Amino acid sequence: LFSQGASMHWHGMFQNGTNEMDGVDGVTQCSFPPRTTFKYRFVAYPAGTHWYHSHDGVQYADGLAGPLIVSPKAPPDQATRDIIVFLTDWSNATAPAELVATLDSTSTDSTTWGDVSDVPWFGVLANGESLLRLNADSTSAAGTGAMTLAEQLTVPSSVPVRLR
């Protein structure tokens, strides 16, 4: 990100009266320049589990995304613990490299372009950590290789838990 602009989009936020804070580059705002800061100011509403991501280029695919939890003014239930699970795909290359390799840039006919199913995903991340990974003996990462569970999520049975 040291050489790219950025903007953040907030899924689930109503943005009543603050459309310019919605973060859609080229639509509701311009991206802010590299090595600068931008402060988003809006009412975080409604309460609940939401998410944000970069809306500039393919930064989202390289991991510029995350959960956005908006707490209610009064707790809605008796859950004593929240467990956040944010799932993302994992590839061994950067998103710009995958995009160039996937799309046929010499053609303007969109029927010859690849699609997301052509991208070689090598695993699944949960909160930035490996959850599923491609088996070492698999030859293809695009849906035909066998995946194994790398981590387990342990949920305590002794306390009420909210899984987000």
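Heads up: these notes are all about the structure in this document. Everything numeric in this text was worked out from a predicted model, so none of it was measured.

Looking only at helices and strands, the protein chain has one helix and nine strands in total. Ordered by position from N to C terminus, the α and β elements of the protein chain give β-β-β-β-β-α-β-β-β-β. Relative to its full complement of 164 residues, the protein chain shows a buried share of 28%. If you take every contact in the protein chain between residues at least 6 apart in sequence, the share linking residues at least 24 apart comes to 55%. Carbon together with sulfur atoms contributes 57% to the accessible area of the protein chain, which is approximately 11,000 Å² in total.

Turning our attention to unusual backbone geometry. Of note, the amide linkage connecting Tyr45 to Pro46 takes the cis form, showing an omega dihedral of 5°. You will see that Gln15, though not glycine, has its phi angle at about 60°, which is positive. Structurally, Gln15 is set in the loop between strand E1 (8-11) and strand E2 (48-54). Given a relative accessible area of 7%, Gln15 falls into the buried group. With phi around 55°, Asn127 is a residue other than glycine that occupies positive phi space. Residue placement: Asn127 occurs in the loop between strand E6 (123-126) and strand E7 (129-134). Since its relative accessible area comes to 44%, Asn127 is described here as partly exposed.

A word on the side chain of Thr18. Assignment of secondary structure puts Thr18 in the loop between E1 and E2. The class of Thr18 is buried, set by a relative accessible area of 17%. Beyond its immediate chain neighbours, meaning those up to four positions away, Thr18 contacts Arg41 and Phe42.

A cluster of nonpolar residues, Phe14, Val43 and Tyr45, forms a patch on the protein surface that exposes about 350 Å² of accessible area. Inspection of the secondary structure assignment puts Val43 in the loop between E1 and E2. On the basis of relative accessibility, which here comes to 65%, the residue Val43 falls in the exposed class.

What follows deals with the nonpolar core. Core analysis: the largest hydrophobic core is formed by nine residues, namely Ala6, Met8, Trp10, Met13, Met21, Phe32, Tyr40, Leu68 and Val70. Those elements that provide at least two residues to this core are E1 and strand E3 (65-70). Setting aside residues up to four positions removed in sequence, Leu68 forms contacts with Trp10, Met13, Gly48, Thr49, His50, Trp51 and Tyr52.

Turning our attention to the sheet that holds E1. Read across the sheet, three strands follow the order E1-E2-E3 without closing on themselves; strand pairing throughout is antiparallel. With one partner strand each, in any of the chains shown, E1 and E3 form the two edges of the open sheet. Going across the sheet, the axis of each strand differs from the next one's by a mean of 25°, ignoring polarity. Judged from the four bridges that link them, E1 and E2 form a sheet pairing that is antiparallel. Residue pairing in the sheet places His9 in a bridge with His53 of E2.

Two side chains with opposite charge may pair up if their charged atoms get near one another. Enumeration over the complete set of coordinates arrives at two salt bridges. For Arg162, the salt bridge is made with Asp82, and the minimal N-O distance between the two is 2.6 Å. Placement of Arg162 in strand E9 (residues 161-163) and of Asp82 in strand E4 (residues 81-83) is noted, with a sequence separation of 80 residues between them. Judged by relative accessible area, Asp82 falls into the partly exposed class, the value being 36%. What emerges from the salt-bridge pattern is a single network uniting Asp82, Arg162 and Arg164.

Definitions and cut-offs
- Residues numbered from 1 in each chain as written.
- Predicted model: local features only at pLDDT ≥ 70, side-chain atom pairs only at ≥ 80, totals over all residues.
- Heavy atoms only, no water.
- Helix = DSSP H or I, 4+ residues; strand = E, 2+ residues; numbered from the N terminus.
- Buried < 20%, exposed > 50% of the residue type's maximum accessible area, 1.4 Å probe, protein only.
- Contact = heavy atoms within 4.5 Å.
- Areas by Shrake-Rupley, 256 points an atom, 1.4 Å probe, with all protein chains shown as cover.
- Patch = residues over 30% accessible without salt bridge, like charges linked within 9 Å, V, L, I, M, F, W, Y side chains within 5 Å.
- Salt bridge = Lys/Arg side-chain N within 4 Å of Asp/Glu carboxyl O.
- Core = buried A, V, L, I, M, F, W, Y, C linked by side-chain atoms within 4.5 Å.
- Pairing = 2+ DSSP bridges.
- Axes fitted to C-alpha atoms, helices over the stretch in contact; angles between N-to-C directions.

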